[in-house]
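Next come the chains, spelled out residue by residue.
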Amino acid sequence: MPQVQAPYPATRLRRLRRTPALRALAQETTLNVGDLIWPVFVREGVDVMEPIASMPGVYRRSIDNIVKAAREAADLGIPAICLFPYTDASLKTVACEEAWNPQNLTNRAIRAIKAAVPEIAVMTDIALDPYNALGHDGIVQDGVVLNDETVAALVKMALAQAEAGADILGPSDMMDGRIGALRSALEMAGYQDIVILSYSAKYASSFYGPFRDAVGASGALKGDKKTYQMNPANRAEALRLIERDLREGADMVMIKPGMPYLDICREVKDTFGAPTYAYQVSGEYAMIAGAAERGWINGEAAMMESLLCFKRAGCDGILTYFAPAAARILAAK
Ligand code: PBG
């Protein structure tokens, strides 16, 4: 809507920028701790905190330390934590069976968190890449990522996570039909209250590199994910995907990566009004954290600005590796 205003000098927009008090009154959007979902990396072992070189300040944690992280997050007011497993290479197969093992790393971590920190929502990732000897999110046959066979595997994976106590399932695989398949399997198994946060508009992006190091998938992956993840050039397709996933039973939708795709976030929120999330992915984190480490930018200021911009773009919340750091700054205010 056009904002009618008297011409200068009756209107001087700088009036409302003169002091912190006036700027606070004129502020249109805010970042709250309740907007944050914290992605974390789980690995085997006891009392392990293993740094990830391409993500300064981010660690792979053993389950005991994941539980401590969940406690810390809950105490800071962060509503949800999202688990990604670093799977031992010996457990990766072409059929990806470890993905639906009730005792796999993710499922053990879910149970441990829900036992110790029941108030935090536990989100999971649904995709086969951490368990796939070939590194792809789906089952590969003769070099092709199979859609329907993958969806059947994802359903088994989701039911194992639901059984372990997950609150929010995050399908990040980009197969067609997976949201409907997951939703009906959950309904039939009595898990009618489990939330699906669909990675609906997930682009084939070069910003996922550090994440693939973090979960140990970089070595296995041959080629790229362009036959299932979206072309970064496309906008209308994102809207079709979001609409489809909402119709199939997604509760919340996600755009990923975040910062290069804020136009998509705005359009999705305006078009559907559904709970809309963005994933500030590993490469975005690395750019800010890496530049800050070198003294090239003010890391804290850049972090808070980037997160606020997601809110301005219409997002209801953000998956971000900065969640605890941002929550501490918000708490100190
Ligand atoms: C894989 C998955 C990826 C991310 C989340 N789930 C990587 C990929 O698609 O290759 C990326 C997250 C990040 O970069 O922070 N299913």
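Definitions and cut-offs
- Residues numbered from 1 in each chain as written.
- Predicted model: local features only at pLDDT ≥ 70, side-chain atom pairs only at ≥ 80, totals over all residues.
- Heavy atoms only, no water.
- Axes fitted to C-alpha atoms, helices over the stretch in contact; angles between N-to-C directions.
- Helix = DSSP H or I, 4+ residues; strand = E, 2+ residues; numbered from the N terminus.
- Parallel < 35°, antiparallel > 145°, perpendicular 65-115°, else oblique.
- Left-handed = near helix turned anticlockwise from the far one by under 90°.
- Contact = heavy atoms within 4.5 Å.
- Nonpolar A, V, L, I, M, F, W, Y, C, P; charged D, E, K, R; others polar.
- Phe/Tyr/Trp six-rings, centres within 6.5 Å; stacked < 30°, edge-to-face > 60°.
- Buried < 20%, exposed > 50% of the residue type's maximum accessible area, 1.4 Å probe, protein only.
- Lys NZ or Arg CZ within 6 Å of the ring centre and 35° of its normal.

## Observations regarding the packing of helix H5 (residues 178-188) against helix H7 (residues 236-248)
Interaxial distance between H5 and H7 falls to 8 Å at its minimum, and their mutual angle equals 15°. Regarding the angle of H5 to H7, the classification is roughly parallel. In terms of crossing hand, the pair formed by H5 and H7 is right-handed. Contact residues: H5 offers Arg178, Ile179, Gly180 and Arg183, while H7 offers Arg244, Asp245 and Glu248. In the contact of H5 with H7, the residues fall into 1 nonpolar, 1 polar and 5 charged.

## Quick look at the packing of aromatic side chains
Under the defined criterion, the tally for this structure stands at 10 aromatic pairs. Arranged with centres 6.1 Å apart and planes meeting at 40°, the rings of phenylalanine 41 and phenylalanine 84 form a pair that is tilted. With phenylalanine 41 in strand S1 (residues 36-43) and phenylalanine 84 in strand S4 (residues 80-85), the pair connects residues that are 43 residues apart, well separated along the chain. On the accessibility criterion, phenylalanine 84 (2% relative accessible area) is buried. When the ring of phenylalanine 41 is compared with that of tyrosine 321, the centres are 5.8 Å apart and the planes differ by 15°; the resulting orientation is stacked. Of this pair, phenylalanine 41 sits in strand S1 while tyrosine 321 sits in the loop between strand S12 (317-320) and helix H11 (323-332), and the two are 280 residues apart along the sequence. Pair check on accessibility: phenylalanine 41 and tyrosine 321 agree, each one buried. Ring pairing ties together the aromatic residues Phe41, Phe84, Tyr199, Phe211, Tyr279, Tyr285, Tyr321 and Phe322, which thus form one cluster. One cation-aromatic arrangement involves lysine 202 over tyrosine 208; the distance from NZ or CZ to the ring centre is 5.5 Å. The ring of phenylalanine 211 has lysine 256 lying over it, and the distance from NZ or CZ to the ring centre is 5.9 Å.

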